[in-house]
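# Coordinate analysis (summary)
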Amino acid sequence: MSGLLQTQFLASNSSRTRFLTSVTQLDVASVMCPAGCSHVNGFKVDNWKQNLRVIYQCFVWSGTAETRRRKAKSCMCHMCGAHLNRLHSCLYCVFFGCFSKKHIHEHAKNKRHNLAIDLLYGGIYCFACQDYIYDKDMEQIAKEEQRKAWKLQGAGEKFSTWEPTKRELELLRHNPKRRRITTNCTIGLRGLINLGNTCFMNCIVQALTHTPLLRDFFLSDRHKCEMQSNSCLVCEMSQLFQEFYSGHRSPHIPFRLLHLVWTHARHLAGYEQQDAHEFLIAALDVLHRHCKGDDNGKKANNPNHCNCIIDQIFTGGLQSDVTCQVCHGVSTTIDPFWDISLDLPGSSMPFWPLSPGGDSTVVNGEGHMTGSTTLTDCLRRFTRPEHLGSSAKIKCGGCHSYQESTKQLTMKKLPIVACFHLKHLEQSVWLKGALVDDRRGEPAACSSTSEELLKLLTSGSASACHEQSSSSTVLDFWTSQTMRFEHSAKLRRKITTYVSFPLELDMTPFMASSKESRVNGQYQQSVDVLNNDNKYSLFAVVNHQGTLESGHYTSFIRQHKDQWFKCDDAIITKASIKDVLDSEG
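Residues numbered from 1 in each chain as written. Predicted model: local features only at pLDDT ≥ 70, side-chain atom pairs only at ≥ 80, totals over all residues. Heavy atoms only, no water.

### Focus on the overall build of the chain
Along the backbone of the chain there are 17 helices and 29 strands. Residues counted as buried form 50% of the 585 residues belonging to the chain. Accessible area for the chain stands at about 28,900 Å²; split by element, carbon and sulfur atoms hold 51% of it. (Helix = DSSP H or I, 4+ residues; strand = E, 2+ residues; numbered from the N terminus. Buried < 20%, exposed > 50% of the residue type's maximum accessible area, 1.4 Å probe, protein only. Areas by Shrake-Rupley, 256 points an atom, 1.4 Å probe, with all protein chains shown as cover.)

Right, dumping it as structure tokens:
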């Protein structure tokens, strides 16, 4: 399925020109407008430059260990003693005050000291203008002191600064307005030529190029390449984003991308039909490895402990709780994941349950009759407690012996972009009377019933991140993928189970923090059920049509709110919401 989000950038052939309107907006304003903040002139007396440099050196950038200790010790609000709450320092006297609690505002009003500096980011705030201000001289001092601090820390320049040329400033004066983004705007929509059974790649590329945060990263030139550009997949993706948002409408030929994929993911090389889900994981893995040098030094806030753009956007944490049936001791592990693979009814796997309740129900906006399957049903099954059986005993740390146990998977941390893979592809074979789980690479232990054997296959359904060692934040975007195949030594067929999915998805019932509210696999709604932090909005879907031997991938991408497009290789057509929701999900 296909869909796009509203484009926020002016389209042009060069990212350098594109950001001319945003990066240099203040510079141009200072040229075109005769006056800025008039209150700055009252500060620019005597040794104001030296005084400002001292503030930046000691209380903002703090390049040495001594200045950092001094900042930690002395930078607290003089009224409440807090260290946080956006501390600002008065530029006229020695006073630190909270911006959030307006203590610095009270000081400015009482003393008529209109200017203060943000001690975290170094911005200058004018209380008379009630806004952060720009002054060319002050900005120059801030940049110089920041570079000095980086040099003292041994970091060098974090990025290469760019200043507009006279020619570029002249162009801005004559063209001050940005291109308006209208509801029928098609910037970012571009077909991809099929290079020979490469529809699996094209549909994933369409979804990735219209992932908002990924788009913002690549269009802002934030990647610092540490390898040869002709072998870096991140550099090629950056070029691909520029091609998509250049305004050109002719289909793009992604031959360089295909070559790099073949180079770095050799199991996808060749012109045979490939799996779109495999390509997604392989692409995220290579991008993750090639952009590890970006944003170094920042604390990673994801279970994969990496701050690259891929992990920032796609990495979540999957919690696994194994409970001993004897002593009820719980062993908890948290593993990173890039996507969640969900089992479906219609395969050899036992599926529990379909929608709870009566003949019809509405969960997560999914209305359906008894007998149908929804994405919420699949998530319920994924997060239900499961008895592992006598053939899969685990050594209990409390009992110090092998005991039967139950296992339950829940979401410890949600990613910004959640990818759900509906497993219409199931790989299992029979070997000497025992069912083999090819995800473990070994035969399952023999059991008296086939049901116990099948239960062994239900653990570990989330795709782990491919490391070989293996302005409020709202989670707004999710993608859904569908692969519909089943492999067996005796059976090879496409699973035709239809799965409905909503435009809005609330993941609160499947969080580890909600586990206590789940009784017999059913989520009991609490008063804080409307938690916007766990809600997602659909923006891309990938589908497969055809048979196991001969099929074709397409995608739906959201362009603006409620405006969807179907991407079928080089052909882009408008689609309705009904087309998306009725597609082969």
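The discussion continues.
### Looking at the sheet that holds strand 5 (residues 124–126)
Ordered in space as 3-2-4-5-6, the five strands form an open sheet in which the pairing is antiparallel. Each of the sheet's edge strands pairs with one partner strand only, and the pair in question is strand 3 (96–98) and strand 6 (131–133). Strand after strand, the sheet turns through a mean of 40° between neighbouring axes, direction not considered. Strand direction decides the pairing type here: strand 2 (residues 87–90) and strand 3, joined by three bridges, are antiparallel. Bridge pairing in strand 3 places serine 89 opposite phenylalanine 96. Its contacts with the sheet put helix 4 (residues 48–60) on strand 3, strand 4 (115–118) and strand 5, and the angle it makes with strand 4 is roughly 35°. (Pairing = 2+ DSSP bridges. Axes fitted to C-alpha atoms, helices over the stretch in contact; angles between N-to-C directions. Contact = heavy atoms within 4.5 Å.)

### Considering unusual backbone geometry
Phi is positive for glutamine 130, close to 60°, though the residue is something other than glycine. The phi angle at histidine 400 is positive, at roughly 60°, despite the residue not being glycine. Here histidine 400 lies in the loop between strand 13 (394–396) and strand 14 (401–403). Residue histidine 400 is classed as exposed on the basis of its relative accessible area, which comes to 62%.

### Here's the deal with the nonpolar core
One finds Leu214, Met237, Phe279, Ile310 and Phe314 to be the most contacted residues of the largest nonpolar core, which totals 54 residues. For this core, the element with the highest residue contribution is helix 13 (residues 276–290), accounting for nine residues. In this view, phenylalanine 279 contacts Phe200, Met201, Ile204, Val205, Val261 and Leu268; residues no more than four positions away in its chain are not counted. (Core = buried A, V, L, I, M, F, W, Y, C linked by side-chain atoms within 4.5 Å.)

### Let's talk about the confidence of the model for the chain
With 70% of its residues at a pLDDT of 70 or more, the chain has an overall mean of 75. Counting interchain partners and residues more than four positions distant, the pLDDT-below-50 stretch residues 1–34 has 107 contacts. (pLDDT = per-residue confidence, 0-100.)

### Describing the environment of glutamate 386
Mapping glutamate 386 onto the fold places it in strand 12 (residues 386–387). In this structure glutamate 386 comes out as buried when scored by relative accessible area, which is 10%. Counting along the chain gives 21 residues from glutamate 386 to lysine 407, while the straight-line C-alpha distance between them is 5.2 Å.

### Here we look at the packing of aromatic side chains
What the rule picks out here adds up to 12 aromatic pairs. Considering the side-chain rings of phenylalanine 43 and tryptophan 48, the 6.0 Å spacing of their centres and the 70° angle between planes classify their relative orientation as edge-to-face. Aromatic pair phenylalanine 99 and tyrosine 132: ring centres 6.3 Å apart, planes at 25°, arrangement stacked. Of this pair, phenylalanine 99 sits in the loop between strand 3 and helix 6 (103–111) while tyrosine 132 sits in strand 6, placing them 33 residues apart in sequence. Overall, tyrosine 132 belongs to the partly exposed group, its relative accessible area being 32%. Taken together through their ring pairs, the aromatic side chains of Phe99, Tyr125, Phe127 and Tyr132 make up a single cluster. (Phe/Tyr/Trp six-rings, centres within 6.5 Å; stacked < 30°, edge-to-face > 60°.)

### Regarding helix 13
Between its first and last C-alpha atoms helix 13 spans 21 Å; for 15 residues at 1.5 Å apiece the expected length is 21 Å, and the two agree. Buried residues dominate helix 13, accounting for 13 of its 15 residues. Its side-chain oxygen at 3.0 Å from the backbone nitrogen of histidine 277, aspartate 275 defines the N-terminal cap of helix 13. (Expected span 1.5 Å × (residues − 1). Polar contact = N/O pair within 3.5 Å; in protein donor to acceptor, adjacent residues only side chain to side chain.)

### Here's the deal with the pattern of salt bridges
Counted under the stated rule, the structure contains 14 salt bridges. One salt bridge in this structure joins glutamate 144 and arginine 53, with 2.7 Å as the shortest N-O distance. One end of the pair, glutamate 144, is in helix 7 (residues 136–152); the other, arginine 53, is in helix 4, with 91 residues separating them in the sequence. Across the pair arginine 381 and aspartate 343 runs a salt bridge, and its minimum N-O distance is 3.6 Å. Remark: aspartate 343 occurs in the loop between strand 8 (330–342) and strand 9 (360–363) and arginine 381 occurs in helix 15 (residues 375–382); sequence separation between them is 38 residues. Residue arginine 381 shares its accessibility class with aspartate 343, and that shared class is buried. (Salt bridge = Lys/Arg side-chain N within 4 Å of Asp/Glu carboxyl O.)

### Remarks on helix 15
With respect to burial, helix 15 is a largely interior element, eight of its eight residues being buried. If you check which residues of helix 15 are buried, you get Leu375, Thr376, Asp377, Cys378, Leu379, Arg380, Arg381 and Phe382.

### Some details on the pairing of strand 8
Relative to strand 8, strand 7 (residues 316–324) runs antiparallel, the two sharing eight bridges. Bridge assignment links glycine 317 to a residue of strand 8, and that residue is proline 336. Connecting strand 7 to the next strand, strand 8, in antiparallel fashion are five residues, including histidine 328 with a positive phi near 60°.

### As for the packing of helix 11 (residues 233–244) against helix 12 (residues 255–264)
Where helix 11 contacts helix 12, the two axes come as close as 10 Å, and the packing angle between them is 160°. Our classification of the angle between helix 11 and helix 12 gives roughly antiparallel. Helix 11 and helix 12 meet at a crossing whose hand is left-handed. Mapping the contact onto sequence places Leu233, Glu236, Met237, Gln239 and Leu240 in helix 11 and Arg256, Leu257 and Leu260 in helix 12. Taken together, the residues of the contact of helix 11 with helix 12 break down into five nonpolar, one polar and two charged. (Parallel < 35°, antiparallel > 145°, perpendicular 65-115°, else oblique. Left-handed = near helix turned anticlockwise from the far one by under 90°. Nonpolar A, V, L, I, M, F, W, Y, C, P; charged D, E, K, R; others polar.)

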